[in-house]
Amino acid sequence: MTSAAIVENNNLSNNNNSHHDDNLGDERGEKYLRELTKTFTGIDKPLKNARKCETLTDLIGELRKTFDSDHVNIEYVNHLMLSYQSNPAEWRKFAKFDRYRYTRNLVDAGNGKYNLMILCWNEGHASAIHDHADSHCFMKMLKGQLMETRFAWPKDATVNEANGADIGKGQTGDEEIEYNGDELEELSRSTLETNGVCYINDTLGLHRVENPSHTDVAVSLHLYCPPFDTCSIFNKANGKRTKCKVTFWSKFGKREPMGR
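Residues numbered from 1 in each chain as written. Predicted model: local features only at pLDDT ≥ 70, side-chain atom pairs only at ≥ 80, totals over all residues. Heavy atoms only, no water.

## A closer look at the UniProt feature "binding site: Fe cation" (unreviewed entry) in the chain
Heads up, the condition is: UniProt positions are given in the numbering used here, feature names are shortened, and annotations may be inferred rather than shown by experiment. Helix and strand assignments come from DSSP, with helices taken as H or I runs of at least 4 residues and strands as E runs of at least 2, each series counted from the N terminus. Buried, partly exposed and exposed residues are distinguished by accessible area as a fraction of the type maximum, computed with a 1.4 Å probe on protein chains only: under 20%, between the cut-offs, and over 50%, respectively. Whether two residues are in contact is decided by their heavy atoms, any of which lying within 4.5 Å being enough. Whenever two N or O atoms come within 3.5 Å, that pair is a polar contact, provided that in protein one can donate a hydrogen and the other can accept it, and provided that, for residues adjacent in sequence, both atoms are side-chain atoms.
Within this numbering scheme, the UniProt entry marks His130, His132 and His207 as carrying the feature "binding site: Fe cation" (unreviewed entry). A maximum C-alpha distance of 9.3 Å places the annotated residues, which cover 78 residues in sequence, within one compact spot. Note on placement: His132 falls in the loop between strand S3 (129-130) and strand S4 (136-143). On the accessibility criterion, His132 (1% relative accessible area) is buried. In contact with His132, not counting residues within four places along its chain, are Cys137, Ile200, Asp202, His207, Tyr224 and Phe228. A polar contact is formed between the side chain of His132 and the side chain of His130, at a distance of 3.4 Å. Mapped onto the elements of the fold, His207 is located in strand S9 (residues 206-210). For His207, a relative accessible area of 2% translates into the label buried. Excluding anything up to four places from it in sequence, His207 contacts Ala128, Ile129, His130, His132, Glu148, Thr149, Arg150, Phe151 and Ile200.

Next comes the structure, spelled out in structure tokens:
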């Protein structure tokens, strides 16, 4: 074997090892984040003497730096969401509305470690009651207000499969399936005002989010980490749990084809 071939093989080996190490790092980071959902409950105020994000671009840049670590400081992530102050001129290009349902619009995919998105709510629009697939959920109001209702997990949390269930399209897929269970227990209700931030994970319960206004739209900024493409939705009357796809109305300001 020539020296050039040996060098090439060594480079291939090093590249493979590098990719393997990156995958291991991603797995460790994801496991660490999921473990934090068992103990983290969120913070109400920005951290003292910590960097503040003046613009949406600053927020995205600082989030990317923070998530470079295998051991993400989730309290600092919460701080960053609190520190950013809404500026419509920065996020308007991502805010895509639909007449019939709320929309999920991807702003930054976070190199696979988180999803940052803008949700747009016309008057009276609401989500289904849902979980967060063992991930962290931060929700910040950019415009208007949203009401969050939290629920306890049902006694029977068995997952049901339903063709076509999609939280991004408001499709539950279980309208004609009979299910005998107890009504979900409501834990709390709160209203999130502009620049306010709330936090939830599966240890804290389930929730439904809705725009209570009949005259004003609402816009919210959400961060999910680790990101997920399926979650569970729940029937309030009987607690039935259904596996559900998670899709985007748009990505990076451009409309997604239907079904993605």
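Anyway, onward from the coordinates.
## Brief notes about the side chain of His130
Tracing the chain through its elements places His130 in strand S3. Here the side chain of His130 touches Ala128 through a polar contact of 2.8 Å, landing on its backbone oxygen. Discounting residues that sit within four places of it in the chain, His130 has contacts with Ile167, Leu206, His207, Ser232, Ile233 and Phe234.

## Things to note about the pattern of salt bridges
What counts here: For this analysis, a salt bridge means a side-chain nitrogen from Lys or Arg found within 4 Å of a carboxyl oxygen belonging to Asp or Glu.
Applying the stated criterion across every chain yields a total of 12 salt bridges. Close ionic contact of Asp108 with Arg64 constitutes a salt bridge, the shortest N to O distance being 2.5 Å. A residue pair is termed long-range when its members are at least 10 positions apart, and Asp108 in strand S1 (residues 103-108) and Arg64 in helix H2 (residues 56-66) qualify at 44 residues. With a shortest N-O distance of 3.5 Å, Arg208 and Glu210 are connected by a salt bridge.

## Observations regarding helix H3 (residues 74-83)
Of all 10 residues that make up H3, nine are buried, and the element is covered over most of its length. Among the residues making up H3, those that are buried are Ile74, Tyr76, Val77, Asn78, His79, Leu80, Met81, Leu82 and Ser83. The backbone nitrogen of Glu75 has a side-chain oxygen 3.2 Å away, supplied by the residue at the start of H3, namely Asn73.

## Things to note about the sheet that holds strand S14 (residues 254-255)
Picture the strands of a sheet paired through backbone hydrogen bonds; they go either parallel or antiparallel. This is how the line gets drawn: In short, DSSP must find at least two bridges between two strands for them to pair. Lines fitted to the C-alpha atoms define the axes, with helices restricted to the stretch that makes contact. Angles between their N-to-C directions range from 0 to 180 degrees.
With mixed pairing, the seven strands of this open sheet are ordered in space as S8-S4-S10-S2-S1-S13-S14. The open sheet has two edge strands, strand S8 (197-200) and S14, and neither has a second partner. The sheet contact formed by S4 and S8 spans four bridges and is antiparallel. The residue bridging Cys137 from the neighbouring strand is Ile200, located in S8. Most of the contacts of H2 go to S1, to which it runs at about 70 degrees, and overall it touches S1, strand S2 (115-121) and strand S10 (218-225).

## A look at the nonpolar core
Note the cut-off: Residues belong to one nonpolar core when they are buried, are Ala, Val, Leu, Ile, Met, Phe, Trp, Tyr or Cys, and are joined through side-chain atoms within 4.5 Å.
One finds Leu59, Leu63, Phe67, Leu116, Ile118, Phe138 and Leu223 to be the most contacted residues of the largest nonpolar core, which totals 34 residues. Among the secondary structure elements, those contributing two or more residues to this core are helix H1 (3-36), H2, H3, S2, S4, S8 and S10. Element by element, the count of residues in this core is highest for H3, at six residues. Apart from the residues lying within four places of it in its own chain, the contact partners of Leu223 are Leu63, Phe67, Val77, Met81, Tyr114, Asn115, Leu116, His136, Cys137 and Phe138. In this structure, Trp121, Leu192, Val246 and Phe248 belong to the second largest nonpolar core, which totals 22 residues.

## Overview of the environment of Tyr179
Mapped onto the elements of the fold, Tyr179 is located in the loop between strand S6 (159-160) and strand S7 (186-192). A C-alpha to C-alpha distance of 7.0 Å links Tyr179 and Asn238, two positions 59 residues apart in sequence. Residue contacts for Tyr179: discarding those within four places in its chain leaves Asp156, Asn160, Asn238, Gly239 and Lys240.

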